[in-house]
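# Residue-level structural notes
Chain residues, written in single-letter form:
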Amino acid sequence: LMINIRMDIRESIRQFLVSRGYGRIRLKAVLFDMDGVLFDSMKNHTLAWQKAMAARGISADRNEFYLYEGCTGKGTIDQFFRRIYGREADEKEVEQIYQAKSRFFNEMPTVEIMPGIRDILFDLKKYGLKAILVTGSAQHSLLDRLEKEFPGVFLPAYRVTAADVKQGKPSPEPYLRGLAKAGVRADEALVIENAPMGVQAAVAAGIFTIAVNTGPIPPQKLYEAGADILFPDMLSLAAVFGEIVGLFKEEYLCQERRSPTTSE
C-alpha cells in the first residue's frame, strides 16, 4: 500500500511540474489553512453561521458553509445576500451578522486540534521547513490559541488572516501574501487545504496543493478545484507526510543531476 501511495504522490509531483513549467521544487515552506486543518472547528463554524443567518431571517443549509470555507466573513455573507437580495451586504450588515456569528461560535464547546496535525508539524521541524498560516478567518478565539497549541510554529510574522487581505479565497491573494511572508516562491512551497475555495486560491497562486477532506464535501469537489492530491483525513496525510517531503527532495536532486548548468 505504501509503495502505491508513494508512486501516486511521485506521479502527482511530476504532473504538477510539467503543467506549471517548473523545473523542480526545492521545498522550503508549507502553507496551512487553519479551520479543518489545524483545528477541528468547522462543525462549530457552520452551526454558528447557520444561527447567525437565521437571526437575520435567512434560512441556510449548514453544509453550504463548507463550500464557502476560506472566504472572509464578508465574502461568506455576500454569497447569501447576492442570491437572496441581488446585492452585497453593506458594512453595517456585515458587522452585525459577523458579530452574531462570533458570539454563537464562542458559546460552543472548545474545538480540538486536528488528529495527526502534531505529527505533520513534527516532520516540518525535522526537515527545517517554515510553517505559514493562511486563513480567511478572523476568529480570535482560535488565532489566540495557535501559540498555546503549537508553540513556536506559527509565528505572528508568518500569518495571513482575513485582516491582511483585500480579497479572500478563492482569490490567490492570501497565498501570494503567505509566500511573500515566507520569502519563498511558489515553486518552493506546498499548501495543505481542506476546502474547494482554499484549493482554488492555492492553485491560482501556483503552489502544489494537498487537499484533505475533513468535512462532508464530495471528494470530486476538491479535485475539480484543482487539488494535486487528495487525502480522506489528516491522519492519512500524517502517515505519509514525511514520505511526501522526501519525494520532493528526491525529485529536486533528480532534477539537479539532470541539469549540467546548476552550481548547487
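Predicted model only: the values in this text are computed from it and were never measured.

## Some words on unusual backbone geometry
A cis amide bond, omega 15°, links Lys169 with the succeeding residue Pro170. For Pro170, the location among the structural elements is in the loop between β3 (159-160) and α9 (173-182).

## A few points about helix α2 (residues 42-55)
Counting along an α-helix, one turn takes 3.6 residues, and residues three or four places apart therefore face a common direction. For α2, spanning 14 residues, the distance from its first C-alpha to its last is 20 Å, which sits close to the expected 20 Å at 1.5 Å a residue. Every buried residue of α2 is listed here: Met42, Asn44, His45, Thr46, Ala48, Trp49, Ala52 and Met53. The inward-facing, buried residues of α2 contact α3 (64-67), α4 (73-85), α5 (91-107) and α7 (140-143). Phi for Gly57, located one or two positions after α2, is positive at around 85°.

## Looking at the sheet that holds strand β1 (residues 29-32)
Spatially, the six strands line up as an open sheet ordered β3-β2-β1-β4-β5-β6, and their pairing is parallel. Two strands bound the open sheet, and with one partner strand each, they are β3 and β6 (229-231). Note that strand β5 (residues 208-212) and β6 share three bridges and pair parallel. By the bridge assignment, Val212 is partnered in β6 with Phe231.

## So, the side chain of Ser12
Residue position: Ser12 is located in helix α1 (residues 2-20). Among the residues examined, Ser12 registers a relative accessible area of 12% and is labelled buried. Residues within four places of Ser12 in sequence aside, it is in contact with Phe208, Asp228 and Ile229.

## What to know about the side chain of Glu193
Among the structural elements, Glu193 can be located in strand β4 (residues 189-193). Within the structure, the side chain of Glu193 is placed 3.5 Å from the backbone nitrogen of Ala195, a separation counted as a polar contact.

## What about the packing of α2 against α5?
At a closest axis distance of 8 Å, the pairing of α2 and α5 adopts a crossing angle of 135°. With respect to α5, the axis of α2 lies oblique. Of the two elements, α2 crosses α5, and the hand of that crossing is right-handed. Here α2 contributes Asn44, His45, Ala48, Trp49, Lys51, Ala52 and Met53 to the contact with α5, which in turn contributes Ile97, Tyr98, Ala100, Lys101, Phe104 and Phe105. When its residues are assigned to classes, the contact of α2 with α5 shows nine nonpolar, two polar and two charged.

Reading guide: rules and limits
Residues numbered from 1 in each chain as written. Predicted model: local features only at pLDDT ≥ 70, side-chain atom pairs only at ≥ 80, totals over all residues. Heavy atoms only, no water. Helix = DSSP H or I, 4+ residues; strand = E, 2+ residues; numbered from the N terminus. Expected span 1.5 Å × (residues − 1). Buried < 20%, exposed > 50% of the residue type's maximum accessible area, 1.4 Å probe, protein only. Contact = heavy atoms within 4.5 Å. Pairing = 2+ DSSP bridges. Polar contact = N/O pair within 3.5 Å; in protein donor to acceptor, adjacent residues only side chain to side chain. Axes fitted to C-alpha atoms, helices over the stretch in contact; angles between N-to-C directions. Parallel < 35°, antiparallel > 145°, perpendicular 65-115°, else oblique. Left-handed = near helix turned anticlockwise from the far one by under 90°. Nonpolar A, V, L, I, M, F, W, Y, C, P; charged D, E, K, R; others polar.

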